[in-house]
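Per-entry structural report
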Amino acid sequence: MAEPKARFITTTVEVEGRTEQRVVELPAFDLEPWGEDAALTHVGARAVRVDAALKATGRPGYTTDIRRPQQAYVAIVRSRVARGRVTRVDVEAARAVPGVLDVLLHADCPPKTRLFNPEITYHGQPLAAVCAESQEIAERAAALVVVDVEKSRHSVTVAQATAADAAPVRPGISTNLLFNEPRVRARGDVAAGFAQADVIIERDVRTPCVLHTALEPHSAVCEWDGDHLTVYESTQGIFRVRDNVAKALGVPLTNVRVICEAMGGGFGAKNYAAAHTYIAALFAKRLGRPVLCAVDRTGEQVDTGNRPSSLQRVKMGATRDGRITAIEMTAEVPLGIGGWEGGPGEIYHELYACPNVRTHETFAFVNTAAMAAFRAPGHAEGAVGLEIGLNALAAALGMDALELRRRNIATHDQKKNRPYTGNRLAECYDEGDRRFGWSAWMRERGLERGSAARRVPGKPHLRRGVGVSAQIWSTGGGPPSYATVRLNNDGSADVLAGSQDLGTGTRTILAQVAAEALGHRLDQVRAIIGDTGATPYAGNSWGSMTVASLTPAVRMAAVDARNALLDAASGLLGAPKDSLDTREGRVLVRGSDRSMSFGEITAKLGNVMIQGHGSRGPNPQDAGIVTTGVQFAEVEVDTVTGVVRVLRIVAVHDAGRIVNPTLAESQLEGGIIQGLGFALFEERALDARMGLPLNVGLHDYKIPTLADIPAIDGVFLPGADVQANHVGARGIAEPAIVPTAPAIAGAVSDALGVEVNELPMTPWRVLAALGRLS
């Protein structure tokens, strides 16, 4: 007798550059992939997002807009020093303010919430919270809370944290280094590789600490009904928030329901429950009424995560014909008071074909707020150092920077020595070259730097330049993710999935896939997401995983429901099941004019419910799944003021099947705009002596505005990656940001004839590179 097929297996999933082992359930049945030539109606169409009207009229249920009966409001009291210990908290004046309902201190909180620790480890750490009848009253009362602190020495730089006499930046650690030592990764023989090189370059590159700056702040509304808690949360992971809250409060998972109807951005900072969630839940329990805790803009900028800064020392060697023989990079990364190894080193091992690569990364804990995942963590920073180094190598070789990249395409996953399911980077280069006119530009003015061809006629102080950068990012998604598709009595369909919409159009994408697999009209399909109490499990929306993880489960659930519908229709139409087809909400008998609408069939079934279930199967373990691409930038630099203006960006990416081109292009544009901010504007300024962030509001922390955004021509190569999953889709959210800043940096260098190797490329850094600052 044959061995039964295993239902659960252990598989590997890549998330945010990390590899995780997971136990997953194998799908109940297999589906033929939608191949590149599949005739699809809804998938691939520019469908209007289903919540477009709601967003245009300002009616989505953003957490900060929620108003429950008798809702109360919270303000958080934060530390004003970077290191120390709380010796006394006086809340009497705050309690005396009319309208104040309650105050929370460390002693009031369950230990697993880790709230209001008296051991201060960074500026902005929550120390207490005040709850009141209105937000204004809560903030006025919080300002009256007196906190006495015994200050101690802090460390906010890698040098300070790793000095011989450095004290631990937080209790419970013996060293301020993650892993207690630097992380070294290598393949081949780097010394031998440099010995083979005809040209060797070295560069020091610095990237800044940047902040997520989502327009909607972290926020939660909590409401208890007996021992059951409902949490309305702005989150990238409703099920993860549910798990965090249940564990911290010591209640069963079934007693916690998390709802996220809409959210105004997260970018990696909203992946879990945090202080605001626990504060709202505890106040709501104590007061017996709903409570909103929304982090104010200052708190948002100092205590909700960041992309840490990096110092990258890059060394690269190549032969005269442009073959890279060795890459070496040493990095220092101050993580903040907590974090993980999302460092710049990974992309050095991945993007270009090179037999000899070594990275040495020092991750130091310091007395600033903890880092958090931020759109392509590690890769966005690493690409800046790698691509600046490659541009310098091209200049030293006297070679076109695009040609050097073409000669060093990685044809397989070099870290795990396996093929890719698809990597069409060469085609991206060709299409980007054609759209941008790179080769034509180079033919016109040659490769000489500093040539008069870069000047703007009639404006001798303006210079124009172009730059190029490539990207790679793991985008396979993966299990576990589940979906249910059910047909209502009128023939309309609901898709249930435990995901959330970050603003990317998840509802629309899931409806398109379900409509395609059912053979239904798109306007008759509704996606229900963002509610742990009503939907099956799906993972966080992070790591460019949502489309690649959920759409296969949704397709499978829709096929399962369609099979049940055809079973019912076979008897009603008096035709064999294998003679039936579905199209635009009707079941058709092939070769005849007989048909019934979905609604006619379900009406005859009465209260019998047709529903289908789907799950996401494991990724192939013998191949890597990546999105690759290239971006080109043209800039104009004012050599008198040092101001850089980006004129245009051309982006071409290979992301497998694009379910909705309009939504995908929106993701591409969003990533490019964030990359523009990384290149030119964004930087958390820190007073190292005091350990204090200096630019904590949107007036002083600069992000791009409409006036800064260039013309963007962003496209995707047509096709489908049927090895990755049976829908053929990969992710695009994070790949979009990776090449933007390095492409702009290359263009600035091209315009000026000198390099600016520290981001952001502010006017003073540009003028310093030109030697015009004393």
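My aim in this report is to walk through the structure given alongside it, one point at a time.

Conventions we followed
- Residues numbered from 1 in each chain as written.
- Predicted model: local features only at pLDDT ≥ 70, side-chain atom pairs only at ≥ 80, totals over all residues.
- Heavy atoms only, no water.
- Salt bridge = Lys/Arg side-chain N within 4 Å of Asp/Glu carboxyl O.
- Helix = DSSP H or I, 4+ residues; strand = E, 2+ residues; numbered from the N terminus.
- Buried < 20%, exposed > 50% of the residue type's maximum accessible area, 1.4 Å probe, protein only.
- Core = buried A, V, L, I, M, F, W, Y, C linked by side-chain atoms within 4.5 Å.
- Contact = heavy atoms within 4.5 Å.
- Arc of directions from axis to C-beta.
- Pairing = 2+ DSSP bridges.

The next subject is the pattern of salt bridges. Tallying each qualifying case throughout the model produces 46 salt bridges. A salt bridge links Arg313 to Asp204; the nearest nitrogen and oxygen atoms lie 3.7 Å apart. With Arg313 in strand E15 (residues 310–318) and Asp204 in strand E10 (residues 199–207), the pair connects residues that are 109 residues apart, well separated along the chain. On the basis of relative accessible area, Arg313 is assigned to the partly exposed category, the value being 38%. With a relative accessible area of 47%, Asp204 lands in the partly exposed category. Ionic pairing is found between Glu431 and Arg435, a salt bridge with its closest N-O pair at 3.0 Å. Residue Glu431 and its partner Arg435 are located together in helix H12 (residues 425–436), separated by 4 residues, close to a single helical turn. Look at the salt bridges and you will find they share partners, linking Arg183, Arg185, Glu346, Glu350, Glu361 and Lys415 into a network.

It is worth spelling out the nonpolar core at this point. Counting residues in each nonpolar core, the largest one holds 89 residues, and the members touching the most others are Met316, Leu393, Trp438, Val635, Ile744, Val748 and Met761. The element that contributes the greatest number of residues to this core is helix H10 (residues 379–397), accounting for 10 residues. What Val635 contacts, discounting residues up to four positions off in sequence, is Arg463, Arg464, Gly465, Val644, Arg645, Val646, Leu647, Ile744, Ala747, Val748 and Ala751. Formed by 46 residues, the second largest nonpolar core is a distinct cluster that contains Ile509, Ala527, Ala553 and Phe598.

Those residues of helix H3 (residues 135–142) lying buried are Ile137, Ala138, Ala141 and Ala142. Seen from one end, H3 has its buried residues packed into an arc of 130°, which puts them on one side. Structurally, H3 contributes buried residues whose contacts are with strand E3 (72–78), helix H2 (92–95), strand E5 (100–104) and strand E7 (126–132).

Burial along strand E25 (residues 580–583) is one-sided: Leu580 and Thr582 are buried, and none of Asp581 and Arg583, which face the opposite way, are. Judged from the 4 bridges that link them, E25 and strand E26 (residues 586–589) form a sheet pairing that is antiparallel. Within the sheet, the bridge partner assigned to Thr582 lies in E26 and is Val587.

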